[in-house]
Amino acid sequence: ALRNRFNRMGGVMTPVAYMFGKMGRICFAVTESSPDGFFDAMFEHVIDLGAEDVVDLGPGGAELICQFSDLGPIAKALSKQHAYSIESMEGVYLLNTTVSISDLKELDSVFKT
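Residues numbered from 1 in each chain as written. Predicted model: local features only at pLDDT ≥ 70, side-chain atom pairs only at ≥ 80, totals over all residues. Heavy atoms only, no water.

In terms of helices and strands, the chain carries 4 helices and 4 strands. Listed N to C, the secondary structure of the chain is α-β-α-β-β-α-β-α in terms of helices and strands. A compact globule built from 113 residues should have a C-alpha radius of gyration of about 13 Å, whereas the chain, at 20 Å, is more than 25% larger. Within the chain, buried positions represent 23% of all 113 residues. For the chain, the proportion of contacts with a sequence separation of at least 24, taken over those separated by at least 6, is 65%. Of the charged side chains in the chain, 9 are positive and 15 negative; the average position of the first set lies 20 Å away from that of the second. (Helix = DSSP H or I, 4+ residues; strand = E, 2+ residues; numbered from the N terminus. Rg over C-alpha atoms; globule rule 2.2 N^0.38 Å. Buried < 20%, exposed > 50% of the residue type's maximum accessible area, 1.4 Å probe, protein only. Contact = heavy atoms within 4.5 Å. Lys, Arg positive; Asp, Glu negative; His and termini not counted. Charge placed at Lys NZ, Arg CZ, Asp CG, Glu CD.)

On the surface, Val99, Ile101, Leu104, Leu107, Val110 and Phe111 cluster together into a nonpolar patch covering about 620 Å² of accessible area. Mapping Phe111 onto the fold places it in the segment after helix H4 (104-110). Looking at Phe111, the relative accessible area reads 63%, which means it is exposed. (Patch = residues over 30% accessible without salt bridge, like charges linked within 9 Å, V, L, I, M, F, W, Y side chains within 5 Å. Areas by Shrake-Rupley, 256 points an atom, 1.4 Å probe, with all protein chains shown as cover. Salt bridge = Lys/Arg side-chain N within 4 Å of Asp/Glu carboxyl O.)

Our focus in this paragraph is the side chain of Glu63. One can find Glu63 in strand E3 (residues 61-67). If we skip the residues at most four places from it in the chain, Glu63 touches Arg25, Ile26, Cys27, Asp53, Val54, Val55 and Leu57.

To continue, consider helix H3 (residues 71-80). Along H3, the positions that sit buried rather than exposed are Leu71, Ile74, Ala75, Ala77 and Leu78. For H3, the angular spread of the buried residues around the axis is 165°, confining them to a single face. In H3, those exposed residues whose orientation departs by more than 90 degrees from the buried face are Pro73, Lys76 and Lys80. (Arc of directions from axis to C-beta.)

Moving on: the confidence of the model for the chain. Any segment with low pLDDT has predicted coordinates that should not be analysed in fine detail. For the chain, per-residue confidence averages 83 on the pLDDT scale, and 90% of positions sit at 70 or higher. Within the chain, H4 has the poorest average pLDDT of any element, 77, and strand E4 (residues 86-95) the best, 93. (pLDDT = per-residue confidence, 0-100.)

This part takes up the pattern of salt bridges. Counted by the stated rule, this structure contains 2 salt bridges. Among the salt bridges present, the one from Arg25 reaches Glu63, with a minimum N-O distance of 3.6 Å. One end of the pair, Arg25, is in strand E1 (residues 20-29); the other, Glu63, is in strand E3, with 38 residues separating them in the sequence. Glu90 is the salt-bridge partner of Arg25, the closest N and O atoms lying 2.9 Å from each other. Here Arg25, found in strand E1, pairs with Glu90, found in strand E4; they are 65 residues apart in sequence, far enough to count as distant. On the accessibility criterion, Glu90 (35% relative accessible area) is partly exposed. Residues participating in the shared-partner salt-bridge network are Arg25, Glu63 and Glu90.

Rendered as structure tokens:
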């Protein structure tokens, strides 16, 4: 039904699923009682467990990105073995590809409404 509506209005729907990968995301809360060097210590632990990326979100916390299949085992290991406070964990679709735009005119045409 949605595709028919697009076609009648002159639009085109194309598949874009290949542009995304299903990944796991775990967010950690960093509190006043968190020890100094919390992020560095956590970074070492999560890389050893198989995380692909760790992002320091500043004073509020940190975010870990891993393969979706590793989400449960990594979360379990971090909460039980290392006593990290997991704020949230979820499966997300993240971009696999990026496009670099070096010309400002191109950038304007991308965001033109």
